[in-house]
Structures are given as structure tokens and as C-alpha cells.
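# An overview of the molecular structure
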Amino acid sequence: MSRAYRRISAAALLALAAPAYGQEGEWSYCEPISVPSFENDLEPGVTYVDANRLAAERGGVSTFTGDVTLRRDQRRVIGDKAIYNQLTGTATLIGNVRYETPDARLQGERAQLHLEEESGRIYDAQFRFISTRANGTAELVDIITPEFTRMESATYSTCDPDNQVWALKASSFDLDEATNTGEAWNVRVNVKGVPIFYSPYLNFPLAGRKSGFLAPSYGSSETGGTDLSIPYYWNIAPHRDATFTPRYIENRGTMLYSEFRYLNPNSYGQINYDYLGNDSLFGDERSFLRIDQNGRWNGWTSDLLYQEVSDAEYFEDISNRQGMTSQTHLERHLNLDYRSDWWSFQGRVQEYQTLSGNTVYQRQPQLVLDFSPPSGPGGLDFDGYGELVRFALDEEPGDDRPTGTRLDVKPSVSLPQRGTAWFLTPKLALQHTQYQLDEDENEALSRTLPITSLDSGLFFERDLGIGGRSLLQTLEPRLYYLYVPYEDQSALPLFDTGRYGTSYSQLFRDDRFSGPDRVGDANQLTTAITTRFIDSDSGAELLSASLGQIQYFSDRRVQLNPGDDPPETTSSELIGELRSRPTPAWDISASAVYDPHEELTEEVTGRVRYNPGKRKNFTLSYRQREPDLEQTDVSLFWPIARQWSVLGRSNYDLVEKRNLDEIVGLEYQSCCWSIRMITRSRLDTGTLEQERSFEVLFELKGLTQIGSQLEEEVERGILGY
């Protein structure tokens, strides 16, 4: 036999299982599937025939009986009897016919195969695919060409064959791999034998994407009422597509979400536009536009973001983009970047649409240059930073903030020294900042300051045994000295500068301000110490703890705003951090800021996470900051029975004694279907009232899911889900 059939359209049948669910954990409650093994010593392209006996050979027709096996590459056909006509290249297999590949298995009582044309028929067929668990039956599998297959009276499911909770049934399927098209007639979806969906005709892609309606989503809320969305997907081209989603909100009206995406060799992006003609509750039209584009060419990259919303309450009221509900300003920018081995450049134009609070300065434009060349003679390291930016404001009555141009440059040189148990890094920088304000074009304000620092540390270690466990403990003292002379900066404007928050990393910064409009005077020494406990066998860090404080040798006279009194304390707050992972399942972290002068704990944060396995997670977080913030955040995803799990999140304000966000849900997972029910109560920051909603997500694995209103919020708010 000179040629064998290439396949029995396994790829086409496999496409019915899109999207694939081959990942670990998706089929946790399914029966195991035996995987057929294949020989690796076959000569490629050669067909082998094995049988107990050759019953007859006459006129070019051979009859094989008894455990007949035809093998070619990674395919195998088995039957009780095979009749092969060498003249026509056809083979008829009778009795217990099996067709197998590493991922597919078909069975039937009879098969007629044309080996030369790679076509044939299998009668009373059963099929199964390993990776997707797809299985089904067909009265006839007709392989018309290698690319075109027809199945008559067929069923399809991802459930175990002996427990088919749901099944898709059709009078016929046509699967055309040449056009990537599948067609089905008289299609029914049965759940527990009860039809829940019928269509006289369906058209679907065998792989990838195809235009058509997607699964609808459904939910409800106290304010909006019933909420129903039905997306339509348009596959414009292999690198372009669009989705249009009509959304009906009972108490507001009907709106349209639209999304256009593209992916070119050197650019990609998407455009979103949402529109509600007349919101019955709001009393006006509402819309949101977002354009996001990225490009790359000849070492340059571009990043364009444009956003515009009709009103400040849009995201709070009707947006399905849960991560944007707390937006106060919508950013718009165009960035152009270039990066080489030791220097980078960025050009930026940036502005904001103000939703709440004060307007924000626009950068029109901003030019930034960073450089860090290779080490020079004697191990000297040179670094530098330069920025030229123009700050502008939208004109508003009563807004007398200055506008103008700022130039800031900061070259530095350091000499890092390091030994086995120590390091020492002296560093000298010079920062020059110059302003040209619009209201006084003839006067240029400037400031030039040297910045000197010395960073040093030691490393000690010892072997330690605790509870029979061999550990290595380190002790790492660190000293960081910083000197910056004082210069009066009260005449300089404040464009984009603020104070850094209090944190352990702030102990080692060369400025207490976040922008160049202020350079803090300093004559100070940071003393800090870190200890670590490391497993000697695995090298895993089980615990680390750090504590540090700054000693001030002179007053800090430079303040953000003129007239602010400089602090009189001779030392900073005590800042501590702790991180522990005693086992892979536990992750504990905490930090605290203590003011020894006021004998007051200013800030405490902590998090405990227990994650002993997949789909098991409990997280407890706490945050307290004087004078009026104290919150807890608890999230849980945990199995309560073999197939049942609970999920939830509670973000609670201990000061106001109210829930900020609460999610409670129950989930059931079986082999081939799942259902999840969720209620959510969220505080409306405008009305300070609780907004409640409800969602049901029903999924037939490998086929479709219905309902997804809170999907993004659940994944973002519940760790480990």
C-alpha cells in the first residue's frame, strides 16, 4: 500500500470544542481517559498492515482477518476484518473498527476508506478527543475530501459519555477546513434531556474567529433593574475585528457598546465607544470614548491614549468597566520613546479630563532624557537625568495657579565598593532647575544644589537550628548619610511635586519630595537593620524583618508651601517591615510607622494569605492611618464540598462602620458544566447608599457561558479566584 489516509478530519471535529479546556483543574470532576500509545520506529509515509492471517488474495484484492491493524505515522486503524483492493486503493473494515491518533479516537462497526484519495466513511461512529474531552456519536462520518467532512445524526458533548448532563444534537454537520467553516442543521442543546435551545441552522468557525452572536450576559441591580447584553462579533480580517453589544438596562434605556481592535506588524490598538441616547434616570445622553494605540519602529515606540466621558457619574452609574468606577481624572497622552543600551528618551504630551476635584496640569510637551553609560575608569559610575516640560492649565475663573516651562537636569557620579561582607557607595549629584513663567516672561527663576550621599552596609550570618530545621540567619546593618544644603525655594512654583508617603524605602531616597519643584535640605543619617531567616537546604527566605529611622542633624527648612512651619523633631518616625513565608501556603506581610515623639502609631498595614492549593485562598488585609482611615479587606475562595465552593469579599470601613464593597457567591463545578451565583453590595460614593446587584453565570464547558456582568470584578477583588 503506497499511501494511507492522512486523518479522519480530527481537526475539524476538534474545532467543535472551542474554546479548549485542556488546562489543569478544568476537568477535575471528570473520569480519566486512557491515552493510546504509538510506535516511534515507523518509517514516515509508509503504511503497515498487521493481521493474524491473510484469508485470500485474488485479482489484487486481499482479505485480512483477526486483529487487523493499519498503521501510518501517528495514526492507526483497527478492525476484525479488512478487505483491501490494491487496484482502487480502497479498504473496507468490518467489526469493531477503531481509528486512533495521539489525541483522537473514533469507533464504528464498519468503515470504507479510499487510501489514495484520503476519503471514506465510518458508520455508527463514536468519537472522543483527549485534550478537550469532546465526545459524541454519528450515524455516519463521511470524509468527502481530506478537508471536508459531513456527520449525519450527530451528537456532541464534553461530559463523560455515561453521564451526559448536556449534549448538542444536530441532524447534520458540515466541516470544511479549507474555508474554516462549520455548518449545522436542526441544532438542539439538551440539558438533562430537556431542550433549552434550538436553531434550524448554525454557522461557526472550525478554528479561530468567525462573525456571529456571542453568548448573552444577564444581571440585575436595584437602581438599573434588569440588565441584558447580547454581543455581536464581526471578524473583519485576520488582524482586525469588532464587537457591537446592545445593552438593555430596564430603568435607563438601551445603549450600545462598540469595540474595534487591530493588530498590524508594527502597531496594535483598540477603539471603544459606548453610547446611551437618553438615560431615563439621568435625563440626558451619555457616552464614553477610549482610543488606545501602540506602535514600534526602528527602536522607537509610541503610546497614544485618548479618553472622554460625557459626565462624571458615568462610570459609577452604568459602565461595565469595573476598574474605572473610582476615576477622578481621565488621562490623555501621546508618548514617543527611544531606548538604547545606556540611554533613553521620551517625548510626551499629556492632559486630563477632570471628573472630580481640581484640574490637573497639562504637559505640553514633556521631554525626558536618561543616561547610564558603562562604568568609567576606576569603577566610577555616571548617571544623569534631564527634563524639559511646559505646564499649562485650562482657563477657569478664580484659578490663579502659574503656568510656564521648567528645565531640570541632574547628573551624578558614584564609586561603588563591595566586598564579601560589606558595601560602600559614595555618590555626588548636582541638580539644576530653571523656570520661565508665563506671567513674568522677563524673569527666570532657578535653583542649583549639590546632593551628597554615602550608603554603606555590613552582612553577618550564622547557622541556626529551630525545631530540627537547619537555618541561616543574617544580620544586615545599614547606614545612609545624606547632605543637601538649604536654599530658599518659596518663590518656585508647584507644578507636579508632593511629599513621598512614609515607607521603609523612603529612608534611603535622596529627596523627601516626589518632584523637582522642591529639593529638601538635608543633613541626616538613616540607621537601619534587616535580619533574614533562610532555609539552608532549599535557600527559601522564610522571614525577613527590617527597622529603620532617620536622625536629623539640622532643621528641615524647605517645605512644600511657603509659610509651612518646619518640623522640630530630631528624628523621623520608626518604620518597620516584616515578610514571612514559613511554608509555600502561607504569605504574611506587615508594616508599621510609629512616631516616638507623639507616642502614636501613624500607620499600620498587614496582610495574611493562606493558599494551600489551586482554587483555595483566604486573604485578610488591614490598613490603619491616622487620623481617620481604618479598613479591613477579607476575600475568600474555598471548597465546602467536593464540587461546591464559596467565594466572597468584604471591604469594611471601621471608622464609618459600613461596607464599602461586598461580594458573596456560591459556585458549583461538575465535569462539563458549572453555575455561579453572586450578589454584590457596593457603596455609591456620590449618594453614600448601597447599590445591590445579582448575577448568575451558567457555563457549558467547551460550548458557551451565559452571564458575565461581575466576572472582571470577581477576578480583581478575590485573590486566587
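Up top is the structure.
Residues numbered from 1 in each chain as written. Predicted model: local features only at pLDDT ≥ 70, side-chain atom pairs only at ≥ 80, totals over all residues. Heavy atoms only, no water.

## Quick word on the overall build of the protein chain
Our working definition: Each helix is a run of H or I in the DSSP string that is no shorter than four residues. Each strand is a run of E no shorter than two, and both are numbered from the N terminus. To get the radius of gyration, use the C-alpha atoms; to get the globule rule, take the number of residues to the power 0.38 and multiply by 2.2 Å. Each residue is placed in one exposure class: buried if its accessible area under a 1.4 Å probe, protein chains only, is under 20% of its type's maximum, exposed if it is over 50%, and partly exposed if it falls in between. Any two residues having at least one pair of non-hydrogen atoms within 4.5 Å are treated as being in contact. Per-residue and other accessible areas follow the Shrake-Rupley method at a 1.4 Å probe size, with only the shown protein chains counted as cover for residues. The charge count includes Lys and Arg as positive and Asp and Glu as negative, but it does not include His or the ends of the chains. Where a charge lies is defined by one atom per residue type, namely NZ (Lys), CZ (Arg), CG (Asp) and CD (Glu).
Each helix and strand in the protein chain was counted, giving three helices and 44 strands. A compact globule built from 721 residues should have a C-alpha radius of gyration of about 27 Å, whereas the protein chain, at 34 Å, is more than 25% larger. With respect to the three principal axes, the spread of C-alpha positions in the protein chain is 110 × 70 × 55 Å. The proportion of buried residues among the 721 residues of the protein chain is 42%. Partitioning the contacts of the protein chain with sequence separation of at least 6, the portion at a separation of at least 24 is 46%. Surface summary for the protein chain: the accessible area is close to 36,800 Å², and the carbon and sulfur share equals 52%. Each charge sign in the protein chain was given a centre, from 70 positive and 107 negative side chains, and these centres are 8 Å apart.

## Examining the pairing of strand β26 (residues 404-409)
Keep this limit in mind: A pair of strands is considered paired only if DSSP assigns at least 2 bridges between the two.
What you see with β26 is a clean split: G404, R406 and D408 sit on the buried side and T405, L407 and V409 on the side with no burial. The pairing of strand β25 (residues 381-392) with β26 spans six bridges and is classified as antiparallel. Considered in β26, the bridge of E387 is made with D408. As defined by bridge partners, β26 adjoins strand β29 (residues 422-437) across six bridges and the pair is classed as antiparallel. Bridge pairing in β29 places L407 opposite Q434.

## As for the environment of D142
Here is the rule: The definition of a polar contact used here is a pair of N or O atoms within 3.5 Å, where within protein one atom must be able to donate a hydrogen and the other to accept one, and adjacent residues in sequence count solely through side-chain atom pairs.
Structurally, D142 is set in strand β8 (residues 135-145). The class of D142 is buried, set by a relative accessible area of 12%. Measuring from C-alpha to C-alpha, the distance between D142 and A111 comes to 9.8 Å, with 31 residues separating the pair along the chain. Once you skip the residues sitting within four places of it in the chain, D142 turns out to touch G120, R121, F148, T149 and R150. Here R121 takes part through its side chain, which lies 3.4 Å from a polar atom of the side chain of D142.

## Some thoughts on a nonpolar patch on the surface
Defined as follows: Each patch is assembled from residues with relative accessible area greater than 30% and no salt bridge, linking like charges that lie within 9 Å and nonpolar side chains (Val, Leu, Ile, Met, Phe, Trp, Tyr) that lie within 5 Å. We define a salt bridge as a side-chain nitrogen of Lys or Arg found within 4 Å of a carboxyl oxygen belonging to Asp or Glu.
Where nonpolar side chains cluster on the molecular surface, the patch consists of F213, Y218, L228, I230, Y232, W234, I236, F244, Y248 and L256 and spans about 920 Å² of accessible area. Mapped by element, the contributors of at least two residues to the nonpolar patch are β16 (232-237) and β17 (240-249). Counting residues per element, the nonpolar patch draws most heavily on β16, at three residues. Mapped onto the fold, W234 is located in strand β16. Residue W234 is classed as partly exposed on the basis of its relative accessible area of 42%.

## Examining the pattern of salt bridges
In this structure the tally under the stated criterion is 36 salt bridges. Ionic pairing is found between D517 and R406, a salt bridge with its closest N-O pair at 2.8 Å. A residue pair is termed long-range when its members are at least 10 positions apart, and D517 in the loop between β32 (469-484) and β33 (522-535) and R406 in strand β26 qualify at 111 residues. D661 is the partner of R649 in a salt bridge, and the nearest nitrogen-oxygen pair spans 3.6 Å. Here D661 lies in strand β41 (residues 658-669) and R649 lies in strand β40 (residues 644-653), a separation of 12 residues in the sequence. Neither R649 nor D661 differs from the other in exposure class; each is buried. What emerges from the salt-bridge pattern is a single network uniting R252, D279, R286, D311 and D317.

## Overview of the state of the cysteines
What counts here: Disulfides are defined in this document as cysteine sulfur pairs within 2.5 Å.
Scanning all chains against the criterion turns up two disulfides. Each disulfide pairs two cysteine sulfurs, and for C30 the partner residue is C671, the sulfurs being separated by 1.9 Å. The chirality of the disulfide connecting C30 with C671 is right-handed, given an S-S dihedral of about 100°. Of this pair, C30 sits in the loop between α1 (10-14) and β1 (48-50) while C671 sits in the loop between β41 and β42 (673-683), placing them 641 residues apart in sequence. Exposure class is identical for C30 and C671. Each is buried. Two residues share a disulfide in this structure: C159 and C672, whose sulfurs sit 1.8 Å from each other. The S-S bond linking C159 to C672 shows a torsion near 80°; that makes this disulfide right-handed. Of this pair, C159 sits in the loop between β9 (148-156) and β10 (166-176) while C672 sits in the loop between β41 and β42, and the two are 513 residues apart along the sequence. C159 sits in the buried class, given a relative accessible area of 0%.

## Comments concerning the environment of V189
Locating V189 in the fold gives a position in strand β11 (residues 181-191). The exposure class of V189 is buried, given its relative accessible area of 7%. When the C-alpha positions of V189 and I33 are compared, they lie 24 Å apart, and in sequence the two are 156 residues distant. Contact partners of V189, with chain neighbours within four places excluded, come to A167, L168, V194, P195, I196, F197, L700 and L703.

## Brief notes about the pairing of strand β30 (residues 444-458)
Both β29 and β30 contribute to a ladder of 15 bridges, which runs antiparallel. Bridge pairing links L428 to T452 in β30. Between β29 and the antiparallel strand that follows it, β30, lie six residues. Relative to β32, β30 is paired through six bridges, and the arrangement is antiparallel. Directly across from L454, in β32, lies its bridge partner Y481.

## A word on unusual backbone geometry
A negative phi angle characterises most non-glycine residues, just as the trans form characterises most peptide bonds. Residue P365 follows Q364 across a cis peptide bond; omega there is -5°. Structurally, P365 is set in strand β24 (residues 362-371). For D124, which is not glycine, the phi dihedral falls at a positive 50°. Within the secondary structure, D124 sits in strand β7 (residues 119-129). Unlike most non-glycine residues, E599 shows phi in positive territory, near 50°. Mapping E599 onto the fold places it in the loop between β36 (586-595) and β37 (600-613). For E599, a relative accessible area of 64% puts it in the exposed group.

## Some words on the side chain of N523
Looking at the secondary structure, you find N523 in strand β33. Among the polar contacts made by the side chain of N523, one reaches the side chain of Y481 at a distance of 2.6 Å. Residues within four places of N523 in sequence aside, it is in contact with Y481, L482, Y483, Q551, Y552, F553 and S554.

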